[in-house]
Amino acid sequence: MPTHNPSFTVDDGVEVPNTASGEVWTVGAVILNQDGHAFAQKRSPGRRLFPDIWDIVGGHVQAGETVLEALAREVEEETGWRLTHVRRFLGTTTWTGDDGGGLHHEADYLVEIDGDLDHPALEWSKHSAYDWFNPDNLKEPQTRRVSDPRPHRTGHRRSSGQVRTPAVNHDHGYRDCSPVACLRG
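Residues numbered from 1 in each chain as written. Predicted model: local features only at pLDDT ≥ 70, side-chain atom pairs only at ≥ 80, totals over all residues. Heavy atoms only, no water.

**Considerations on the confidence of the model for the protein**
- The predicted model of the protein averages 77 in pLDDT, with 71% of residues at 70 or higher.
- Per-residue pLDDT stays below 50 along residues 140-163; that stretch engages in 72 contacts with residues further than four places along the chain or on separate chains.
- Contacts of residues 165-185 to residues separated by more than four positions or lying in other chains number 64 contacts, the stretch itself having pLDDT below 50. (pLDDT = per-residue confidence, 0-100. Contact = heavy atoms within 4.5 Å.)

Dropping the structure here:
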């Protein structure tokens, strides 16, 4: 699906969900380094939604913005890096946060970026730390339940928080797992 003046490329066959008026959509970017480790940042303890949680890069789709435009904007805002290529659609998930904001739909993608991976420009008012994760520094999955009785994110405990992992679309053969494990299959 083409975006308005995209500054990035998209692999053929990458799905982009249709968003409906009145729905709240978010995006997530799984960014891997040269060692295959996935980037995550720790949300500040004062955040209204998922405080003190390790999370992939992403955020809300703004009015008038496409899903992929939001993805590019969020990567740049949260890391200072520039989205260059969308490689794979990882899937969508629907979840209810712990902020009273209602139902959210999230589309997650495996992406390539341009920038200094050793020095992300975090939004320090929103994030307190960053790290690169791989299967060796993640523990057994924990299911996080919030106000909705359905299971939400499958995450992994690390330090004093959890890692929110990307959405996984079972129709595409992925399973609930860490970003790195999902990508390695």
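Having seen the structure, we can now continue with the description.
**Considering helix H1 (residues 67-79)**
- In this model, H1 (13 residues) spans 18 Å end to end at C-alpha, consistent with the 18 Å of a helix rising 1.5 Å per residue.
- Of all 13 residues that make up H1, 11 are buried, and the element is covered over most of its length.
- Listing the buried residues of H1 in full gives Val67, Leu68, Glu69, Ala70, Leu71, Ala72, Arg73, Glu74, Val75, Glu78 and Thr79.
- Trailing H1 by a residue or two, glycine 80 shows a phi angle of about 85°, which is positive. (Helix = DSSP H or I, 4+ residues; strand = E, 2+ residues; numbered from the N terminus. Expected span 1.5 Å × (residues − 1). Buried < 20%, exposed > 50% of the residue type's maximum accessible area, 1.4 Å probe, protein only.)

**Regarding the nonpolar core**
- In this structure, Ile31, Leu71, Trp81, Val86, Tyr109 and Val111 are the most contacted members of the largest nonpolar core, which totals 27 residues.
- Elements with a minimum of two residues in this core: strand S2 (25-31), H1, strand S6 (82-96) and strand S7 (103-114).
- Among the elements that make up this core, the one with the highest residue count is H1 (six residues).
- Sequence-distant contacts of isoleucine 31, that is, excluding residues within four places in its chain, are made with His37, Ala38, Phe39, Val57, Trp81, Val111, Ile113 and Trp132.
- Grouped together as the second largest cluster of nonpolar side chains are five residues, Val30, Ile56, Leu90 and Leu110 included. (Core = buried A, V, L, I, M, F, W, Y, C linked by side-chain atoms within 4.5 Å.)

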